[in-house]
Amino acid sequence: MNHEKLGTGKIISISLMLFAMFFGAGNMIFPPMLGYLGGENFFQGTLGFVVTDAGLSILGIAAIVLVGTKLDDLASLVGPKFSIFVGMTIYLLIGPLFALPRTGTVSYEIAAIPFLGEGAGIVSSVVFTALFFGITFILCLNPSRIVDIVGKVLTPILLISIAVIFIVSVINPVGQIGAPKGEYAEMPFFKGMVEGYLALDGLAALAFAIVVINAIRDMGVTESKSIVRYTLMAGILAGIGLGVVYLALGFVGAQTSMEDGVYGNGGQILASVVYRLLGTGGNAVLGLAVLLACLTTSIGLATSFSDYFHEIFPKLSYRAILTSVCVFSFAISNVGLTTMITFTLPALVMVYPPAITLVLLSFAKKVIGRKHEAYALGMLFAFVIGVFDGLKTAGISTGSMGDLVARLPFFDLGVGWILPAIVGCLIGMLPFINFLSKHDVKQKQTPADIQ
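Keep in mind the model is a prediction, meaning the values are calculated, not measured.

Definitions and cut-offs
- Residues numbered from 1 in each chain as written.
- Predicted model: local features only at pLDDT ≥ 70, side-chain atom pairs only at ≥ 80, totals over all residues.
- Heavy atoms only, no water.
- Helix = DSSP H or I, 4+ residues; strand = E, 2+ residues; numbered from the N terminus.
- Rg over C-alpha atoms; globule rule 2.2 N^0.38 Å.
- Buried < 20%, exposed > 50% of the residue type's maximum accessible area, 1.4 Å probe, protein only.
- Areas by Shrake-Rupley, 256 points an atom, 1.4 Å probe, with all protein chains shown as cover.
- Lys, Arg positive; Asp, Glu negative; His and termini not counted.
- Charge placed at Lys NZ, Arg CZ, Asp CG, Glu CD.
- Core = buried A, V, L, I, M, F, W, Y, C linked by side-chain atoms within 4.5 Å.
- Contact = heavy atoms within 4.5 Å.
- Expected span 1.5 Å × (residues − 1).
- Arc of directions from axis to C-beta.
- Salt bridge = Lys/Arg side-chain N within 4 Å of Asp/Glu carboxyl O.

J.: Go over the overall build of the protein chain, please, and point to the residues and values.
T.: A count of helical and extended segments in the protein chain gives 18 helices and zero strands. Since a compact globule built from 451 residues should have a radius of gyration of about 22 Å, the 22 Å found for the protein chain is in line with a globular shape. With 451 residues in all, the protein chain has 53% of them scored as buried. Carbon and sulfur atoms make up 70% of the accessible area of the protein chain, which totals about 19,600 Å². When the 24 positive and 24 negative side-chain charges of the protein chain are each reduced to one mean point, those points stand 11 Å apart.

Here it is as structure tokens:
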């Protein structure tokens with residue numbers, strides 16, 4: 001048996017790499033907004049955010065490494081065709097439907113608006129995002145080490161900037177922390193959990209796990225148990241790092257909580273606070289760091305999306321897919337950050353429950369075995385409840401049926417799908433439920449199975 005060990009330095013290096021992959025545009029803007037709305041309850045709200053962002057990220061990575069090495073291995077617990085559907089859905093969400101356009105929008109909000117003024121019109125937004133995604137397109141066509149170097153340099157700069165903002169805000173607060181608003185007054189922790197979906201790290205982790213596994217292998221670790229152990233360690237350390245940063249940004253945002261009706265999103269809050277604390281120079285440094293960090297994230301998302309769909313649809317060239325995703329993201333990015341969040345949150349509230357269900361059920365793989373129906377029905381039941389929850393989030397009435405679903409335990413807390421998911425899984429494990437049997441395939445040996 002091999003006894004392979006990684007030194008502390010290498011473990012920290014992998015953890016920082018994973019942190020940098022997770023820490024994108026959404027991680028900068030959502031915690032300040034949570035603090036602004038949460039006020040005196042910002043700590044509980046931020047903890048909820050950490051659970052569904054960092055917590056689900058760690059669980060997602062653990063699920064992948066325990067069943068195989070990539071997203072398809074996890075989704076294939078339901079069936080091979082389903083794995084393609086799950087992969088496409090996740091890449092669309094972390095690609096052109098939300099995360100990729102958001103990189104351009106956040107860059108504009110933090111790097112441009114503080115200098116153009118709030119009165120900047122749609123023309124400036126169109127020009128800025130056109131340049132942003134044009135550069136993304138060019139660098140994705142000609143990938144070079146400069147992108148990796150920029151990412152490695154800018155993550156520490158960004159973290160130092162956040163640390164400085166936090167320390168200065170402690171020494172010289174921009175305002176007093178006020179009363180919580182809306183649902184943050186009644187159930188801040190669970191409201192924060194729902195907001196945690198917006199960062200998309202819980203879904204992105206399912207795609208990022210393979211990068212961590214390959215990095216560990218490149219360091220000479222070949223023993224399966226060691227790969228599992230070091231992958232989990234990297235995920236936990238990265239998650240702790242995210243949690244610390246979220247608490248700092250949430251505290252900064254909470255200091256603006258008495259300024260009712262002033263801000264539409266976290267980007268505006270961060271830009272305003274930095275200007276008041278550090279002046280125009282502070283905005284310039286933060287704006288440049290965020291701009292280049294978002295550009296690095298944009299390049300990574302566009303490249304991985306194009307690679308994935310080119311593999312599924314080989315007749316479509318990488319260049320054609322890349323062109324489409326950049327043009328589409330450019331168009332979506334100009335609807336504005338606040339509008340983008342408003343339309344996206346209901347969709348994420350629908351998608352996350354089945355994704356979380358699959359991740360959690362993967363830990364019961366030894367009990368469930370090859371009963372694909374258990375995974376399928378558990379996810380289906382969770383999705384149905386998620387649809388009602390998403391419509392509720394969007395403010396759309398579902399009538400008497402919605403009233404019936406609202407009676408489910410924990411529905412008011414945003415996790416009413418838990419009990420239906422368990423019921424669906426148990427039904428799927430019944431001997432006579434075998435509608436997926438004809439699609440049953442021989443399972444691969446996973447790292448966790450190899451002794």
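J.: Residues and numbers for the environment of Ser224, please.
T.: Along the chain, Ser224 falls in helix α11 (residues 224-254). Taking the C-alpha atoms as reference points, Ser224 and Val65, separated by 159 residues in sequence, lie 9.4 Å from one another.

J.: Which residues make up the nonpolar core, and what values do they have?
T.: In this structure, Met28 and Leu74 are the most contacted members of the largest nonpolar core, which totals 123 residues. Setting aside residues up to four positions removed in sequence, Leu74 forms contacts with Ala63, Ile64, Val67, Leu206, Leu358, Val359 and Ser362.

J.: I'd like a rundown of helix α13 (residues 318-333), residues and numbers included.
T.: Between its first and last C-alpha atoms α13 spans 22 Å; for 16 residues at 1.5 Å apiece the expected length is 22 Å, and the two agree. Along α13, the positions that sit buried rather than exposed are Tyr318, Ile321, Leu322, Val325, Cys326, Ser329 and Ser333. An end-on view of α13 places all buried positions within 130° of arc, on one side of the element. Against α6 (99-116), α7 (122-141), α12 (266-312) and α14 (337-362) lie the buried residues of α13.

J.: So what about the pattern of salt bridges? Which residues, and what values?
T.: Once their charged atoms are close, side chains differing in charge can pair, the charge on each being opposite to the other. This structure, assessed with the given rule, holds three salt bridges. Between Glu195 and Lys191 there is a salt bridge; the shortest N-O distance is 3.3 Å. Here Glu195 and its partner Lys191 are both found in helix α9 (residues 188-195), four residues apart, which amounts to about one turn of the helix. For the pair Glu195 and Lys191, one class covers both residues: buried. One salt bridge in this structure joins Glu259 and Arg276, with 3.0 Å as the shortest N-O distance.

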